[in-house]
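# Structural characterization, general
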Amino acid sequence: MFNAALRAVRPVVRSTRRSTPSTACRALSTTTPRFSGPAPPSLFGEGAKAGEIPSDEQQATGLERFQLLGEMHGVEAFDLEPLDSSRVGTLEDPIKVFSLDTSRVVGCTGSPAESHELHWFTVKKEKNRRCPECGSVYVLDFQGVEHHDAHHH
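Residues numbered from 1 in each chain as written. Predicted model: local features only at pLDDT ≥ 70, side-chain atom pairs only at ≥ 80, totals over all residues. Heavy atoms only, no water.

The next subject is the layout of surface pockets. Sizing a probe to match a water molecule and rolling it over the atoms shows the empty space that remains. One number sums up the size of the largest pocket: a volume of about 330 Å³. Lining the largest pocket are 22 residues, with Glu81, Pro82, Leu83, Val106 and Gly107 positioned closest to its centre. Taken together, the elements giving at least two residues each to the lining of the largest pocket come down to strand E1 (95–99) and strand E2 (103–108). Counting residues per element, the lining of the largest pocket draws most heavily on E2, which supplies 5 residues. Empty space within the second largest pocket amounts to approximately 210 Å³. Lining the second largest pocket are Ala77, Phe78, Asp79, Leu80, Phe98, Ser99, Leu100, Asp101 and Arg104. Split into classes, the residues belonging to the lining of the second largest pocket amount to 5 nonpolar, 1 polar and 3 charged. (1 Å grid on protein atoms, 1.4 Å probe; cavity = no way out; pocket = protein on both sides within 12 Å on 5 of 7 lines; lining within 4 Å. Points joined across faces, edges and corners; volume = space filled by probe spheres on them. Helix = DSSP H or I, 4+ residues; strand = E, 2+ residues; numbered from the N terminus. Nonpolar A, V, L, I, M, F, W, Y, C, P; charged D, E, K, R; others polar.)

Printed below as a string of structure tokens:
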């Protein structure tokens, strides 16, 4: 079986030895070429020209650039609002935590706010979570794509 696979690839390998590019070589490419449509915004800044000091927009990368591009378009990239601390969540009426993922880290300071030390814990889609200090119950309000993280092990 392995020999049969090698026999099938040999003509392609031989054709790549030529100095002119071949379409058979492109068939084995691992990346797909882009022929039409605008490219998505890059998460890597273009940097500054030689002798200049770069601006935040030019040098920001990754999540920082994502947040900066969102602010430029008037969109809040990350939810920075605190959770409802005016009440204690119960099993019948838990405090809902918005998430696009199947889990989210939550910090509880009690009800009313700052009534106890900050406790961090993870709320998962499958199960409610209770604060070990005040007993407030939190539930994940999952709004993401189901099985989006199926590639994780």
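From this point, things continue past the structure.
Let's shift gears to a nonpolar patch on the surface. Residues Leu63, Phe66, Phe78 and Leu80 make up a contiguous nonpolar surface patch of about 430 Å² in total accessible area. Overall, Phe78 belongs to the partly exposed group, its relative accessible area being 31%. (Patch = residues over 30% accessible without salt bridge, like charges linked within 9 Å, V, L, I, M, F, W, Y side chains within 5 Å. Areas by Shrake-Rupley, 256 points an atom, 1.4 Å probe, with all protein chains shown as cover. Salt bridge = Lys/Arg side-chain N within 4 Å of Asp/Glu carboxyl O. Buried < 20%, exposed > 50% of the residue type's maximum accessible area, 1.4 Å probe, protein only.)

Residues Ile95, Val97, Val106, Cys108, Phe121, Val123, Cys131, Tyr138, Leu140 and Phe142 constitute the largest nonpolar core, which totals 10 residues. When contributions to this core are tallied by element, the ones reaching two or more residues are E1, E2, strand E3 (119–124) and strand E5 (137–142). Excluding its chain neighbours within four sequence positions, the residues that come into contact with Phe121 are Arg104, Val105, Val106, Cys108, Arg129, Cys131, Pro132 and Tyr138. (Core = buried A, V, L, I, M, F, W, Y, C linked by side-chain atoms within 4.5 Å. Contact = heavy atoms within 4.5 Å.)

Okay, a negative patch on the surface next. A cluster of like negative charges, contributed by Glu71, Glu76, Asp79 and Glu81, occupies part of the molecular surface. Residue position: Glu71 is located in helix H4 (residues 62–72). Looking at Glu71, the relative accessible area reads 48%, which means it is partly exposed. (Lys, Arg positive; Asp, Glu negative; His and termini not counted. Charge placed at Lys NZ, Arg CZ, Asp CG, Glu CD.)

In this structure, the amide linkage connecting Ser111 to the following residue, Pro112, adopts the cis form with an omega of 0 degrees. Position of Pro112 among the secondary structure elements: in the loop between E2 and E3.

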